[in-house]
Amino acid sequence: MTGIRLPKQVIERIEERWWSRFSKEKQRTSELIDERLERLRTHRNNIGRYRRLLNTELSDLERKFIERRLSEEKMAMQILVADIPPLAVDRPPDDEIISRSGEAQP
């Protein structure tokens, strides 16, 4: 294993990925994304439950209550979706993409 020599940029990229796993900021960002996704799942499940209830026999009062709750859940879900920032994906540098494809393009 000690006889293997990697280019400097490869070693730096490996080290960067390794240390990023321990970054508190990235861990917190990941936790926030997980929390928001869980809230979205909860709203989605509630919406499904209310829709199923609307397909059953209900009194007018019950139906109005469930329709109001369904509307509130949809609104809460829309607000949450609008508040979620787009996810950034690590994109390799252009020279890495070119070297992987085997073609040198201008």
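Up top you'll find the structure we're talking about.
Described in the following lines is the structure provided in the data block. (Residues numbered from 1 in each chain as written. Predicted model: local features only at pLDDT ≥ 70, side-chain atom pairs only at ≥ 80, totals over all residues. Heavy atoms only, no water.)

Examining helix H3 (residues 60-83)
- The end-to-end C-alpha distance of H3, which contains 24 residues, comes to 35 Å, matching closely the 34 Å that a straight helix rising 1.5 Å per residue would cover.
- Among all positions in H3, only Ile66, Leu70, Glu73 and Leu80 are buried. (Helix = DSSP H or I, 4+ residues; strand = E, 2+ residues; numbered from the N terminus. Expected span 1.5 Å × (residues − 1). Buried < 20%, exposed > 50% of the residue type's maximum accessible area, 1.4 Å probe, protein only.)

A word on the environment of Leu80
- Here Leu80 shows up in helix H3.
- In this structure Leu80 comes out as buried when scored by relative accessible area, which is 5%.
- Here the alpha-carbon distance between Leu80 and Arg39, two residues 41 residues apart in the chain, equals 8.3 Å.
- Ignoring any residue separated from it by four or fewer positions in sequence, one finds Leu80 in contact with Arg36, Arg39, Leu40 and His43. (Contact = heavy atoms within 4.5 Å.)

Considerations on the side chain of Glu73
- Within the secondary structure layout, Glu73 lies in helix H3.
- Judged by relative accessible area, which is 6%, Glu73 ranks as buried.
- At 2.6 Å, the side chain of Glu73 and the side chain of His43 are in polar contact. (Polar contact = N/O pair within 3.5 Å; in protein donor to acceptor, adjacent residues only side chain to side chain.)

Section: the environment of Glu67
- Tracing the backbone shows Glu67 in helix H3.
- In sequence terms Glu67 and Leu53 are 14 residues apart; their C-alpha atoms lie 9.7 Å from each other.

A few points about the pattern of salt bridges
- Per the stated rule, a full pass over the model turns up four salt bridges.
- Residue Glu38 is joined to Arg41 by a salt bridge in which the shortest nitrogen-to-oxygen separation is 2.8 Å. Taken together, the positions of Glu38 and Arg41, both in helix H2 (residues 24-54) and three residues apart, correspond to about one turn of that helix.
- Note on Arg41: relative accessible area 36%, which makes it partly exposed.
- A salt bridge links Arg69 to Glu72; the nearest nitrogen and oxygen atoms lie 2.4 Å apart. Of this pair, Arg69 and Glu72 both sit in helix H3, separated by three residues, roughly a single helical turn.
- Overall, Arg69 belongs to the partly exposed group, its relative accessible area being 22%. (Salt bridge = Lys/Arg side-chain N within 4 Å of Asp/Glu carboxyl O.)

Let's talk about the nonpolar core
- By size, the foremost hydrophobic cluster in this structure holds five residues: Ile47, Tyr50, Leu54, Ile66 and Leu70.
- Sorting elements by how many residues they give to this core places H2 first, with three residues.
- Aside from chain neighbours lying at most four places away, what touches Leu54 is Arg63, Ile66, Glu67 and Leu70. (Core = buried A, V, L, I, M, F, W, Y, C linked by side-chain atoms within 4.5 Å.)

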